[in-house]
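Here's the letter readout for the chains.
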Amino acid sequence: MKSHQTKVKVRYGETDQMGVVYHGNYAQYFEIGRIEWLSSLGFSYKEMEAQGIMLPVVVLNISYSKPAFYDDVLTIKTTLLKLPKVSIEFEYELFNERDELLTKAYTKLVFVDTKTRLPMRCPDYFLDQLQN
């Protein structure tokens, strides 16, 4: 399925005293990857929310292999796993500048109507763009 890569530089505040990225900050890196993935297809969270669609994360799994450090430039590879229906699933791979795989992750998000707060089907315009 469709993949996108984006880079992010590790900031000092994202690390612990040893200069290692704190484990809780990885979810933010994956969100950056997901937002940039959407943007590469011409979508934005802000526009989707204005159209009455939310995408809350309902599953997040992370496997850590190697640490990331302060000032590293990381590559986040975000891949759509399958065409969405009511939910959308992504896989993430995080690499350092030496192209070493540091972390893998999986997220599942659900399309939710902002007014009813109930799950909804993926919008047709979104599916159409994915199938191009």
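First, a word on what this report is: a plain description of the structure on this page.

Scoring rules and cut-offs
- Residues numbered from 1 in each chain as written.
- Predicted model: local features only at pLDDT ≥ 70, side-chain atom pairs only at ≥ 80, totals over all residues.
- Heavy atoms only, no water.
- Core = buried A, V, L, I, M, F, W, Y, C linked by side-chain atoms within 4.5 Å.
- Buried < 20%, exposed > 50% of the residue type's maximum accessible area, 1.4 Å probe, protein only.
- Helix = DSSP H or I, 4+ residues; strand = E, 2+ residues; numbered from the N terminus.
- Contact = heavy atoms within 4.5 Å.
- Phe/Tyr/Trp six-rings, centres within 6.5 Å; stacked < 30°, edge-to-face > 60°.
- Pairing = 2+ DSSP bridges.
- Axes fitted to C-alpha atoms, helices over the stretch in contact; angles between N-to-C directions.

Some points on the nonpolar core
Considering soluble globular proteins, one finds that nonpolar side chains tend to be buried as a cluster.
Thought 1: Among the nonpolar cores identified, the biggest contains 30 residues, and Tyr 29, Trp 37, Leu 74, Ile 88, Phe 111 and Phe 126 are the most heavily contacted of them.
Thought 2: Of all the elements in the fold, those that place two or more residues in this core are helix 1 (26–40), helix 2 (45–50), strand 4 (73–80), strand 5 (87–95), strand 6 (101–110) and helix 3 (124–130).
Thought 3: If one sorts the elements of this core by residue count, helix 1 sits on top with 5 residues.
Thought 4: In this structure, Trp 37 is in contact with Lys 2, Ser 3, His 4, Thr 78, Leu 80, Ile 88, Phe 90, Phe 126 and Leu 130, ignoring residues within four places of it in sequence.

Let's talk about the packing of aromatic side chains
Thought 1: Under the counting rule described, the total for this entry stands at 9 aromatic pairs.
Thought 2: Here Tyr 26 and Tyr 29 contribute two aromatic rings whose centre-to-centre distance is 5.8 Å and whose plane-to-plane angle is 80°, an arrangement assigned as edge-to-face. Taken together, the residues Tyr 26 and Tyr 29, both in helix 1 and 3 residues apart, mark about one turn of the helix. Each member of the pair Tyr 26 and Tyr 29 is classed as buried.
Thought 3: Cluster of aromatic residues (ring-pair linked, three or more members): Phe 30, Trp 37, Phe 90 and Tyr 92.

A look at the sheet that holds strand 4
Thought 1: A sheet is described by the order of its strands in space; here 5 strands give the open sequence 1-4-5-6-3, paired in antiparallel fashion. Edge strands, defined here as strands with exactly one partner in the open sheet, are strand 1 (3–9) and strand 3 (57–64). Strand-to-strand twist across the sheet, computed as the mean angle between neighbouring axes with direction ignored, equals 20°.
Thought 2: Together, strand 1, strand 3, strand 4, strand 5 and strand 6 form the strand contacts of helix 1, whose direction differs from that of strand 1 by roughly 130°.

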